[in-house]
Amino acid sequence: MTDYVVRASCEPTRILSDNGIRKALALELIRITPAFDPVKDTKRIQPASLDVKLHCVDESAPINPRSGYSPFVPQGTEHTLRAGYISTIHLSELVDFGQFTPDRLRLLGVFSEARSSVRRLGGYMENHGAYFFSDQKRSHLELGNFGPNDIRCAPNDRIAQLFFTVIPYSEYLLGAGNTRAVHDYREKIQSLDTGTEVTSNEELRRLHKDGHLGVTPRLHTCNGAILVHAGDVAYRMRRVPDGIDFNKRDTYSREELLEPLFIKKGYTVKEGEHVIVETQEPFALSPHVGIRFWDNLHWSDFHNTRSMPSANIETVVGNLKMCTLTDGWIDPGYNGGFSRQPKWLTGRHIKTGDILGVGQVFHFPKGVGKEYGDAKLGSQYNKTQQTQFAK
């Protein structure tokens, strides 16, 4: 289930804050098996998401079927995100948010994002809402590697994060009836703390004026979303012999991983290249605001905004897997620079000033329990101005 299902309710999308996630776990609206202790494992619940861990890579298929890569690679017990492949990931736990209760329409859903440390190396989620599913034993997701290097992970590495969507005020539960159990379930859902999607430019400007949505040099809005633009600084990821060890990524020098690109007059990204572009807009978010980013949107997509490169129909059809990509999350409390990793299978022309991302802003009226940068969360990139690869 993705937030597209939630949006179909005509309500703005809502997601649980960290306080909402903790309460949902305590009320058993969300069940994690095997259970973990959030008091001891303080890094698992982030300001608005739950970090999930790798068990193994089950199988991989090429991102681009015309790339010449082997069409299917079963892995079973491996832990490598192969360059140029989409991998089905078995997580270390079963995450049950109600998908095993078919007798009523769920009021909880889920979407997922690759953690920023994975995205900077080339990782990303598929464009079908960050595909997430569970069987009765384990949860799974699909994670792509657009970079030129295999990413060698280890069991229990935190590679992705889950966001729990909520429809707290639905008055109709399909097939559930008006029973006491349904009433109690709805009341529990309504008691959870959430952040709500901002849907108007006016509200964005108000959050900006009140100091909750710090964007410099200026805030660009479009139909209730914000836009970020390519700056002058960009990099192309180098090929690293034997791939990248995910748990030693902070030991690689910038020169080992990144080659500077000059995009002021434009650069055409070649097939198979992974580029990182620093945006013109750094952010200073209060504990009341978080932002989910999207890339390669066309006008009929989210908020009727556009970030897709100009292309003919044939080119767009050949890049459908790269269209409407969920592409990163900025936590409440984050303060620092921001970068985009634009993707396009047949090459993409990028120059300074291009729109490189559309931000879906969430407002948390009560704030979050622990904002980004809290020492207990293991925050990695706060107050950085350039792309980092720290743990």
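The model shown is predicted, which means the values in this text are computed figures rather than measured ones.

Caption draft 1: The pairing of strand 15 (residues 194-197), seen in detail. As paired strands, strand 1 (residues 14-16) and strand 15 are joined by 3 bridges and run antiparallel to one another. The residue of strand 15 that forms the bridge with Arg-14 is Thr-196. Bridge count between strand 15 and strand 29 (residues 355-363): 2 bridges; the pairing is antiparallel. Each residue of the ladder has a partner; that of Glu-197, found in strand 29, is Phe-362.

Caption draft 2: Expanded view of the nonpolar core. In terms of nonpolar packing, the biggest core is built from 47 residues, with Ile-89, Leu-141, Leu-143 and Phe-164 touching the most fellow members. Per-element tally for this core: the top contributor is strand 14 (residues 158-166), with 5 residues. Setting aside anything within four residues of it in sequence, one finds Leu-141 in contact with Val-52, Ser-87, Thr-88, Ile-89, Leu-91, Ser-112, Met-125, Tyr-131, Phe-132 and Ala-160. Counting 18 residues, the second largest nonpolar core, distinct from the first, contains Val-198, Val-215, Val-289 and Val-361.

Caption draft 3: Focus on the environment of Leu-356. Tracing the sequence through the fold places Leu-356 in strand 29. If sequence neighbours within four positions are ignored, Leu-356 has contacts with Val-228, His-229, Ala-230, Val-277, Asp-295, Arg-340, Pro-342, Arg-348 and Ile-350.

Caption draft 4: Main features of the environment of Leu-285. Among the secondary structure elements, Leu-285 is positioned in strand 23 (residues 283-285). Given the relative accessible area of 6%, Leu-285 is considered buried. For the pair Leu-285 and Val-215, spaced 70 residues apart in the sequence, the C-alpha separation amounts to 8.3 Å. With sequence-adjacent residues up to four places away left out, Leu-285 is seen in contact with His-212, Leu-213, Gly-214, Gly-290, Ile-291, Ile-330, Asp-331, Gly-333 and Tyr-334.

Caption draft 5: Structural detail: the sheet that holds strand 6 (residues 80-81). The 3 strands are arranged 6-13-19 in an open sheet whose pairing can be described as mixed. Because the sheet does not close on itself, it has two edges, and the strands there are strand 6 and strand 19 (244-245). Where strand 6 meets strand 13 (residues 151-152), 2 bridges bridge the pair, whose relative direction is antiparallel. Counted as the bridge partner of Thr-80 is Arg-152 from strand 13.

Caption draft 6: Layout of helix 4 (residues 180-190). Inspection of helix 4 places Val-182, Tyr-185, Arg-186 and Ile-189 among the buried residues, and these make up the whole buried set. An end-on view of helix 4 places all buried positions within 95° of arc, on one side of the element. Buried-residue contacts for helix 4 involve strand 9 (108-114) and strand 14.

Caption draft 7: Here's a closer look at the side chain of Asp-327. Residue placement: Asp-327 occurs in strand 25 (residues 325-330). The exposure class assigned to Asp-327 is buried, which follows from its relative accessible area of 1%. Apart from the residues lying within four places of it in its own chain, the contact partners of Asp-327 are Glu-113, Arg-119, Phe-293, Trp-294, Asp-295, Arg-340, Gln-341 and Lys-343.

Caption draft 8: Broad picture of the environment of Leu-204. With respect to the helices and strands, the residue Leu-204 is situated in helix 5 (residues 201-209). Excluding its chain neighbours within four sequence positions, the residues that come into contact with Leu-204 are Val-198, Leu-213, Leu-219, Thr-221, Gly-224, Ala-225, Ile-226 and Val-361.

Caption draft 9: Structural view of the pattern of salt bridges. Under the definition given, this model contains 14 salt bridges. The salt bridge partner of Asp-41 is Lys-53, with a shortest N-O separation of 3.9 Å. Of the two residues, Asp-41 sits in the loop between strand 2 (31-33) and strand 3 (45-46) while Lys-53 sits in strand 4 (residues 49-62), which places them 12 residues apart along the sequence. Residue Asp-354 pairs with Lys-351 through a salt bridge whose shortest N-O separation is 3.3 Å. Exposure remark for Lys-351: the relative accessible area of 37% places this residue in the partly exposed category. Taken together, the shared-partner salt bridges connect Asp-51, Arg-115 and Arg-158 into one network.

Caption draft 10: Quick peek at unusual backbone geometry. Cis peptide bonds are those with omega within 30 degrees of zero, and the linkage from Thr-33 to Pro-34 qualifies with -5°. Inspection of the secondary structure assignment puts Pro-34 in the loop between strand 2 and strand 3. A cis amide bond, omega 0°, links Thr-216 with the succeeding residue Pro-217. Relative to the helices and strands, Pro-217 resides in the loop between strand 16 (213-215) and strand 17 (221-222). We note that Glu-28 has phi near 60°; this positive angle belongs to a residue other than glycine. By secondary structure assignment, the location of Glu-28 is in the loop between helix 2 (18-26) and strand 2.

Caption draft 11: Expanded view of the confidence of the model for the protein chain. A residue-level look at the protein chain finds 87% of positions with pLDDT of 70 or above and a mean pLDDT of 86. Across residues 1-9, confidence stays below pLDDT 50; counting only partners more than four residues off in sequence or on other chains, it has 30 contacts.

Caption draft 12: Inspection of the sheet that holds strand 16 at higher detail. Here 3 strands make up an open sheet; going across it, the order is 16-23-26 and the pairing antiparallel. The outermost strands of the open sheet, each flanked by one partner alone, are strand 16 and strand 26 (335-336). Two strands pair when backbone bridges link them, and strand 23 and strand 26 are joined in this way by 2 bridges, in the antiparallel orientation. Opposite Ala-284, over in strand 26, you have Asn-335 as the bridge partner.

Rules and cut-offs
Residues numbered from 1 in each chain as written. Predicted model: local features only at pLDDT ≥ 70, side-chain atom pairs only at ≥ 80, totals over all residues. Heavy atoms only, no water. Pairing = 2+ DSSP bridges. Helix = DSSP H or I, 4+ residues; strand = E, 2+ residues; numbered from the N terminus. Core = buried A, V, L, I, M, F, W, Y, C linked by side-chain atoms within 4.5 Å. Buried < 20%, exposed > 50% of the residue type's maximum accessible area, 1.4 Å probe, protein only. Contact = heavy atoms within 4.5 Å. Arc of directions from axis to C-beta. Salt bridge = Lys/Arg side-chain N within 4 Å of Asp/Glu carboxyl O. pLDDT = per-residue confidence, 0-100.

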